[in-house]
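Structure assessment
Here's the letter readout for the chains.
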Amino acid sequence: MQYKLIMGNQAYSSWSLRAWLLLRAFDIKFEQEVVPLYGPEWRDYQINVAPANTVPTLLAGEGADQITVWDSLAIAEFLHERHPEARIWPRETHARAAARSLCAEMHSSYVALRSTLPMNVRREYRTVKADAETLADIARIESLWAWAAARWGGTGPYLFGERMTAADAFYAPVASRIRTYHVPLKPVSQAYCDTLLAHPATQEFYRAGRRESWVLEQVEFDQE
Ligand SMILES: N[C@@H](CCC(=O)N[C@@H](CS)C(=O)NCC(=O)O)C(=O)O
C-alpha cells in the first residue's frame, strides 16, 4: 500500500516525530509532506485533508479508496494491523498491553510538560527551569519507563528489549525535550533518552528539522 505522511515542522512537531518513527524505524516505505504549522498552507491542509485538523495525518492508498488516519495513536494501530511483521507492538500479550497503556497515557496526559517545554530540535537551553507540574510529569514518566524496563526490557536498550516498539516512538519527543532543556534525569532514564535520540530515524528527523527555516516565535525562548 502507498503511504503519505503529512507532518508539521520537523523542528517542532512532536506528534509528527511519533508518526515518522512508526514508519521509518519500522522500515515501512512512505512519502512525506511538511505543512508548516500555522503558515499559509495550514488552512488549505485542514480543508483539503478533511477531517484532519492537526498533524500528523497518514494517507493510505489513492483515489476514492484512500484512507485518512489523522491521529498518531490511530496511525500506530492502523500500521500494526497492516504490517504485523513490523512488530510495532511487542508480541507478548502483557507486554503489548503495557506498551499500549504507555502510549495512551502519553497521548492523554503530561499537559504541563508538553506546554512548558515545547519540542525544538534546533535549540538547547540551560537556563529554562521546569516548573513543579512539569517535574511531576517527568517523574511519572521516569517511573513508568523503569516499571516497563524492569519487567520486559531485559538488557534493553528499549523499554521492551532489543527492538524499538511504538512505546519508544511515543516517548522519543520526551527525550527530545529533555535534551533541549537539559532536564536532569536518573542515569538510567538519561541513557534511555540518549538511545532514542541516537536512533538513525530520530537522527534523520533531527537533520531535516535543523535544515528548516520556518520559525514559530511562540515556542522559541529568548534565553540560551
Ligand atoms: N492527537 C493528535 C495531536 C496532534 C497535534 O496536536 N498536533 C499538533 C502539532 S505537533 C498540531 O497539529 N497543532 C495544531 C493545532 O492544534 O492547531 C495526534 O496524536 O496526532
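This text goes with the structure placed above it.
Residues numbered from 1 in each chain as written. Predicted model: local features only at pLDDT ≥ 70, side-chain atom pairs only at ≥ 80, totals over all residues.

Quick notes on the overall build of the chain
Counting its regular elements, the chain contains nine helices and four strands. Along the chain, helices and strands appear, N-terminal first, in the series β-α-β-α-β-β-α-α-α-α-α-α-α. Its C-alpha radius of gyration of 17 Å places the chain within 12% of the 17 Å reference for a compact globule of 224 residues. Viewed in the frame of its principal axes, the chain has a C-alpha envelope of about 50 × 45 × 25 Å. Counting only residues that meet the buried cut, the chain has 42% of its 224 residues in that class. (Helix = DSSP H or I, 4+ residues; strand = E, 2+ residues; numbered from the N terminus. Rg over C-alpha atoms; globule rule 2.2 N^0.38 Å. Buried ≥ 20, exposed ≤ 12 C-beta atoms within 10 Å, placed from the backbone.)

Let's talk about the pairing of strand S3 (residues 57-60)
Within a regular strand, the side chains alternate between the two sheet faces. Where strand S1 (residues 3-7) lies against S3, four bridges are found, and the strand directions are antiparallel. Bridge pairing links leucine 5 to leucine 58 in S3. The sheet contact formed by S3 and strand S4 (residues 67-69) spans three bridges and is antiparallel. Residue leucine 59 lies in a different strand from S4, and its bridge partner there is threonine 68. Counted between consecutive antiparallel strands, the loop separating S3 from S4 contains six residues, among which glycine 61 sits at a positive phi close to 80 degrees. (Pairing = 2+ DSSP bridges.)

Here we look at the sheet that holds S1
Pairing within the open sheet is mixed, and its four strands lie in the order S2-S1-S3-S4. Looking along the sheet, the strands with just one partner apiece sit at the ends: strand S2 (31-34) and S4. Pairwise comparison of adjacent strand axes, ignoring direction, gives a mean angle of 20 degrees for this sheet. (Axes fitted to C-alpha atoms, helices over the stretch in contact; angles between N-to-C directions.)

Comments concerning unusual backbone geometry
Between valine 55 and the following residue, proline 56, the backbone shows a cis peptide bond with an omega angle of 5 degrees. Mapped onto the secondary structure, proline 56 falls in the loop between helix H2 (40-48) and S3. Along the chain, glycine 156 connects to proline 157 via a cis peptide bond; the corresponding omega equals 10 degrees. Here proline 157 lies in the loop between helix H6 (132-153) and helix H7 (166-181). Although it is not a glycine, tyrosine 38 adopts a positive phi angle of roughly 65 degrees. Assignment of secondary structure puts tyrosine 38 in the loop between S2 and H2.

Structural notes on the site of the ligand
Close to the ligand lie Gly8, Ser13, Ser14, Trp15, Ser16, Leu37, Thr54, Val55, Pro56, Asp71, Ser72 and Leu73. Residue assignment for the shell around the ligand shows that the elements contributing at least two residues are helix H1 (14-24) and helix H3 (72-82). Class assignment of the residues belonging to the shell around the ligand gives a composition of five nonpolar, six polar and one charged. (Near = placed C-beta within 6 Å. Nonpolar A, V, L, I, M, F, W, Y, C, P; charged D, E, K, R; others polar.)

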